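So you can see what is in the structure, the chains are spelled out below.
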There are 2 protein chains.
Amino acid sequence: MELVTIRELFKNREKYLDQKVTVGGWIRSIRDSKTFGFIVVNDGSYFEPLQIVYHDKMENFGEISKQNVGAAIIVTGTLVATPQAKQPFEIQADEVTVEGTSAPDYPLQKKRHSFEYLRTISHLRPRTNTFQAVFRVRSLAAYAIHKFFQERGFVYVHTPLITGSDCEGAGEMFRVTTLDMGNVPKNEDGTVDYTKDFFGKETSLTVSGQLNGETYAQAFRSIYTFGPTFRAENSNTTRHAAEFWMIEPEIAFADLEDNMDLAEAMLKYIISYVLEEAPEEMNFFNSFVDKGLLERLHNVVNSDFARVTYTEAVEILEKNNDKFEYKVSWGCDLQTEHERYLTEQVYKRPVFVTDYPKEIKAFYMKLNEDGKTVAAVDCLVPGIGEIIGGSQREDDYEKLRARMQELDLCEEDYKFYLDLRKYGSTRHAGYGLGFERCVMYLTGMSNIRDVLPFPRTVNNCEL
Amino acid sequence: MELVTIRELFKNREKYLDQKVTVGGWIRSIRDSKTFGFIVVNDGSYFEPLQIVYHDKMENFGEISKQNVGAAIIVTGTLVATPQAKQPFEIQADEVTVEGTSAPDYPLQKKRHSFEYLRTISHLRPRTNTFQAVFRVRSLAAYAIHKFFQERGFVYVHTPLITGSDCEGAGEMFRVTTLDMGNVPKNEDGTVDYTKDFFGKETSLTVSGQLNGETYAQAFRSIYTFGPTFRAENSNTTRHAAEFWMIEPEIAFADLEDNMDLAEAMLKYIISYVLEEAPEEMNFFNSFVDKGLLERLHNVVNSDFARVTYTEAVEILEKNNDKFEYKVSWGCDLQTEHERYLTEQVYKRPVFVTDYPKEIKAFYMKLNEDGKTVAAVDCLVPGIGEIIGGSQREDDYEKLRARMQELDLCEEDYKFYLDLRKYGSTRHAGYGLGFERCVMYLTGMSNIRDVLPFPRTVNNCEL
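What counts, and where the lines are drawn
- Residues numbered from 1 in each chain as written.
- Chains lettered and ligands numbered in written order.
- Predicted model: local features only at pLDDT ≥ 70, side-chain atom pairs only at ≥ 80, totals over all residues.
- Heavy atoms only, no water.
- Helix = DSSP H or I, 4+ residues; strand = E, 2+ residues; numbered from the N terminus.
- Areas by Shrake-Rupley, 256 points an atom, 1.4 Å probe, with all protein chains shown as cover.
- Lys, Arg positive; Asp, Glu negative; His and termini not counted.
- Charge placed at Lys NZ, Arg CZ, Asp CG, Glu CD.
- Contact = heavy atoms within 4.5 Å.
- Buried area = accessible area lost by both parts, 1.4 Å probe.
- Salt bridge = Lys/Arg side-chain N within 4 Å of Asp/Glu carboxyl O.
- Buried < 20%, exposed > 50% of the residue type's maximum accessible area, 1.4 Å probe, protein only.
- Arc of directions from axis to C-beta.
- Polar contact = N/O pair within 3.5 Å; in protein donor to acceptor, adjacent residues only side chain to side chain.
- Phe/Tyr/Trp six-rings, centres within 6.5 Å; stacked < 30°, edge-to-face > 60°.
- Lys NZ or Arg CZ within 6 Å of the ring centre and 35° of its normal.
- Pairing = 2+ DSSP bridges.
- Axes fitted to C-alpha atoms, helices over the stretch in contact; angles between N-to-C directions.
- Disulfide = S-S within 2.5 Å.
- Least-squares fit on C-alpha atoms with pLDDT ≥ 70 in both.
- Parallel < 35°, antiparallel > 145°, perpendicular 65-115°, else oblique.
- Left-handed = near helix turned anticlockwise from the far one by under 90°.
- Nonpolar A, V, L, I, M, F, W, Y, C, P; charged D, E, K, R; others polar.
- Core = buried A, V, L, I, M, F, W, Y, C linked by side-chain atoms within 4.5 Å.

Details of the overall build of chain A
Then, number 1: From N to C terminus, chain A includes 14 helices and 16 strands.
Then, number 2: Only carbon and sulfur atoms are counted for the fraction: they give 46% of the accessible area of chain A, which is about 18,200 Å².
Then, number 3: Averaging the locations of the 53 positively and 71 negatively charged side chains of chain A gives two centres separated by 5 Å.

Considering the interface of chain A and chain B
Then, number 1: On the chain B side, the residues contacting the 115 residues of chain A number 115 residues.
Then, number 2: Taking both sides of the interface into account, the surface hidden between chain A and chain B amounts to around 9,300 Å²; carbon and sulfur atoms contribute 62%.
Then, number 3: Of all residues in chain A, the largest losses of buried area upon contact with chain B belong to Met181, Phe253 and Tyr423 of chain A, amounting jointly to 9% of the total for that side.
Then, number 4: There are eight salt bridges connecting chain A and chain B.

What about helix H10 (residues 310-318) of chain A?
Residue and element names in this part refer to chain A.
Then, number 1: Here H10 has its buried residues at Tyr310, Ala313, Val314 and Leu317. Buried residues of H10 fall within an arc of 100 degrees about the axis and therefore sit on the same side.
Then, number 2: Where the residues of H10 are buried, they touch strand S12 (306-309), helix H11 (336-346) and strand S13 (351-357).

Topic: the environment of asparagine 286 of chain B
Residues and elements named next belong to chain B.
Then, number 1: As for its position among the elements, asparagine 286 is in helix H8 (residues 279-288).
Then, number 2: In the structure, asparagine 286 is positioned 159 residues away from methionine 445 in sequence and 11 Å away in space, judged by C-alpha atoms.
Then, number 3: Apart from the residues lying within four places of it in its own chain, the contact partners of asparagine 286 are Lys291, Gly292, Leu293 and Leu294.
Then, number 4: At 3.2 Å, the side chain of asparagine 286 forms a polar contact with the backbone nitrogen of leucine 293.

As for the packing of aromatic side chains
Any pair of aromatic rings gets described here by the distance separating the centres and the angle formed by the planes.
Then, number 1: Inspection of every chain in the model, using the stated rule, returns 67 aromatic pairs over all chains.
Then, number 2: Taken together, a centroid distance of 5.7 Å and an interplanar angle of 90 degrees make the contact between phenylalanine 36 of chain A and phenylalanine 38 of chain A edge-to-face.
Then, number 3: An angle of 20 degrees between the planes, with centres 4.8 Å apart, marks the rings of phenylalanine 149 of chain B and tyrosine 224 of chain B as stacked. One end of the pair, phenylalanine 149 of chain B, is in helix H5 (residues 129-151); the other, tyrosine 224 of chain B, is in strand S10 (residues 222-230), and 75 residues separate them in sequence.
Then, number 4: Here tyrosine 224 of chain B falls in the buried class, since its relative accessible area comes to 0%.
Then, number 5: Site record: aromatic cluster; members linked through ring pairs are Phe115, Phe131, Phe135 and Phe454 of chain A together with Tyr216 and Phe220 of chain B.
Then, number 6: Here lysine 361 of chain A stacks its cationic end above the ring of tyrosine 356 of chain A, 4.3 Å away from the centre of that ring.
Then, number 7: For the cation-ring pair, arginine 421 of chain A lies above tyrosine 417 of chain A, with the distance from its terminal atom to the ring centre recorded as 4.1 Å.

Description of the sheet that holds strand S5 (residues 89-100) of chain A
Then, number 1: Within the closed barrel, the five strands sit side by side as S1-S2-S3-S5-S4 (chain A). Their pairing is mixed. Each strand of the sheet is rotated relative to its neighbour by a mean of 55 degrees, with strand direction disregarded.

Comments concerning the side chain of serine 139 of chain A
Then, number 1: Among the secondary structure elements, serine 139 of chain A is positioned in helix H5 (residues 129-151).
Then, number 2: Taking the relative accessible area as the measure of exposure, serine 139 of chain A reaches 2% and is therefore buried.
Then, number 3: Once residues lying within four places of it in the same chain are set aside, the contact partners of serine 139 of chain A are Gln150, Phe154, Val155 and Tyr156 of chain B.

Let's talk about the state of the cysteines
Then, number 1: For the structure shown, the criterion picks out zero disulfides over all chains.
Then, number 2: Of all cysteine sulfurs, the one in cysteine 379 of chain A lies closest to cysteine 438 of chain A, which takes part in no disulfide; the gap is 11 Å.

Considering the relation of the copies chain A and chain B
Then, number 1: Turning chain A through 180 degrees and shifting it by 0.0 Å along the axis lays it on chain B, with an RMSD of 0.0 Å. Look at the turn and shift together and you get a two-fold axis relating the two. Residue valine 176 of chain A of chain A places its C-alpha closer to the rotation axis than any other residue of that unit, at 2.5 Å.
Then, number 2: Comparing contact sets, 100% of the residues at the interface of chain A also lie at the interface in chain B, consistent with an isologous, same-surface contact.

Some points on the packing of H5 of chain A against helix H7 (residues 256-277) of chain A
All names here are of chain A.
Then, number 1: Put simply, H5 and H7 touch, their axes get as near as 9 Å, and they point 135 degrees apart. The angle between the axes of H5 and H7 places the two elements in the oblique class. Note on packing geometry: the crossing formed by H5 with H7 is right-handed. Counting all contacts with H5, which are made through Val137, Leu140, Ala141, Tyr143, Ala144, Ile145, Lys147, Phe148, Phe149 and Glu151, the residues of H7 involved are Leu262, Ala265, Met266, Tyr269, Ile270, Tyr273, Val274 and Glu277.
Then, number 2: In terms of residue class, the contact of H5 with H7 is built from 15 nonpolar, no polar and three charged.

Describing the nonpolar core
Then, number 1: One finds Phe149 and Phe174 of chain A together with Phe149 and Phe174 of chain B to be the most contacted residues of the largest nonpolar core, which totals 184 residues.
Then, number 2: With 31 residues, the next largest nonpolar core counts Tyr341, Val351, Met365 and Phe416 of chain B among its residues.

With respect to the sheet that holds strand S16 (residues 428-434) of chain B
By definition, the strands of a sheet pair up through backbone hydrogen bonds, in either a parallel or an antiparallel sense.
All names here are of chain B.
Then, number 1: Read from one edge to the other, the open sheet built from eight strands follows the order S6-S10-S11-S16-S15-S14-S13-S12, with strand pairing classed as mixed. Each end of this open sheet is capped by a strand with a single partner; those strands are strand S6 (155-156) and strand S12 (306-309).
Then, number 2: Across five bridges, strand S15 (residues 385-392) lies against S16 in antiparallel orientation. Within S16, the residue paired with glycine 389 across the bridge is glycine 432.
Then, number 3: Against the sheet, helix H10 (residues 310-318) contacts S12 and strand S13 (351-357), and its axis sits at roughly 90 degrees relative to S12.
Then, number 4: Packing against the sheet, helix H11 (residues 336-346) makes contact with S13, strand S14 (373-381) and S15, and its axis sits at approximately 65 degrees to S14.

What about the environment of aspartate 258 of chain A?
Then, number 1: Here aspartate 258 of chain A lies in helix H7.
Then, number 2: As a C-alpha pair, aspartate 258 of chain A and glutamine 392 of chain A span 134 residues in sequence and 9.4 Å in three-dimensional space.
Then, number 3: Not counting the four nearest positions on each side in its chain, aspartate 258 of chain A is found in contact with Ile251 and Phe253 of chain A together with Met1 of chain B.
Then, number 4: There is a polar contact of 2.9 Å between the side chain of aspartate 258 of chain A and the backbone nitrogen of aspartate 255 of chain A.

A short note on the pairing of S12 of chain B
All names here are of chain B.
Then, number 1: Along S12, the buried face is formed by Ala306 and Val308; none of Arg307 and Thr309, which line the opposite face, is buried.
Then, number 2: Sheet analysis places S12 next to S13, joined by four bridges and oriented parallel. Residue pairing across strands places valine 308 opposite valine 353, the latter belonging to S13.

Right, here's the structure in full:
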């Protein structure tokens, strides 16, 4: 069908003004008098809606007037400038065809609905202003990430979702199986006989693609992953989902400084891209969801991120322990309250905290010369706390093996990972960005359920 | 670290000739005489390797000379044109630092290894020419797909991986569970008590994001998905994997013609992008993997795809039944031999076959006026057969319900899907492109295990 999008009308209005155009879309509101009527229509291509004027010279004037919110229509008419009105133009319709009616019990009426209610109709909520804005920004942010890495020559690697290993023991995992749950095959000693399972062994959904990603960084030098990740954690919070998307770049011939430079450039790139490509949506969030949003994002784009060691950060925080629920001392993990204090009160801009105690970080992080800390880095941003976590990786074969033994990791499971240190090891580093956390940060939305199209959380797997 | 990539040296050589440069990479080969030596180095950024000349004035001449293939080095020297040689330039090194040695048992020596052997070392095979080429093309093709849809205003939707429904019963599914497999909780009647599972019900890994995607197309008009998909089929072939990636665009206010136009434009775009961005890799495939590759791909880009109905196609095929193992008659599904005959022998270019018998297609496809066929479409390409399958969707509430009843589908499970036909239904259509099949088509590689970084197949889930 030859339809012009509403986005195209707004972006290239000069081309279409006083011309005949045909658009298709869904009715947001409709009102009529005896001889004419107004329809506000949205076609999903653009945040701002389009006004249609129709009139009783049309054969189907009566049919049009009785349409409900949500109905799909196709409109042909002339695009006319409306300098007196709020909107820049409208369509004076010659013809309005009803493509699909909307039943009277349509759940989205003109009034405001709570996010909680809208979560119960996840198949319809993208038709509302808020969720149109959220999911367009989500799409643009995803593309910005690909664009950023591809422009820099990074290779996109699809690390596997089904895995036979548990990565770093980073979290509870979902089992993947084709065994008959009603009649699980057992070994003689009563344990489950996984040799009968699809892969001939125990398998789960991945919690991170990092270790696989490292193998490709040692071949392509600069790679990134962008794919789904899973945690079977029984935590019913506004920031946890069982299924979420993660971006994990990994760079060879690179140290912690290079890692921070990359993360800073990436965050600034994503924010700038979304501000540029979705100004209407971002203004909407700033007005109706999170008043300080635009100022905060512009501040991130325009500031140099601060860099501080964990040890220095702890010194600063200890002096303010009276302000915190959890008191800080060297060795403890930082809580969100501490992270936000650092980035919002102390630095008033994003900050990288580096060199954490090895005990609170993963086995693969590079041991610093002090023997106590590792070359880890968290990026903290105002309004949210930690948004990125990464590290330089231990590239020394013997040191990595020793650390694995300390932690009782099974060497056989990590043979491939040790191989990377045996054959042409390089300084290398990488980080993980939780994509939903990033979208929440970009939009000001405060519940992860509202930035995932179909969120999966404890006891919730609808549609 | 301030290193220049080998890609940058090749792409902007004028800038670097006769200048000091520093590169980091892995040794592909090394040979020395008493006073100087040659190293061929690859840094993963570019398909062509770079030659380094080093000499005995270096303190560590001996150390360098004893390095093994696979070792990582950092080289500083002058980029010098070599008009007499095969390669356009080389680096006359001032300094070669060993970043990481390569143990003597490095599994990749200079000789050719079989793909079968390389599958057993999936963490190292991206360091070989073939797999460098495959996985760079895979990355570029993925980006081309995003670029194509984003430039056309499509919204990228992350449809869920864990699902409580079985879509169209399209294939065997993997179960996702956190129940204790050694002690599965049971109901009084002996069935499994899934209310105790993580989501409070039975869940599996998705076989398609289409139905979820349709809900977003009815809000954004044009959307696409690009994510992992799963099939627990016990088929050990060169074309099946248990975990693969799929692209599923869905367009509202669009019919089967629009669907074919989109698919044709997309395929041409992907091919053109890869030919443009990876000429070295594509020449390599054409020389060493599949002699007719470039000719075939150029032919696809430059031809208008043919369009034929299933009924017409069957008439053509029936006349040639003596050539086929499986004889064709109206009502049967087309086999790869038939598909390839149509596209390679009859049309000699890609062909869309449309309007299949409803019995061999999914319930959601739009019933044609003949009452016998549905508005389905498969796109067949030379050398492979079907690469894309799609359809216009049934947009009539009553017809869809009737079809679901014929097929005994549980209406309650599809309430959300029926809602789309109840509230502002539109003509709409979409298709699925299996990403691995697309990469195989682009590279000429003939085993799906060789285009997935870490393939998952029956009894195989390594790393």
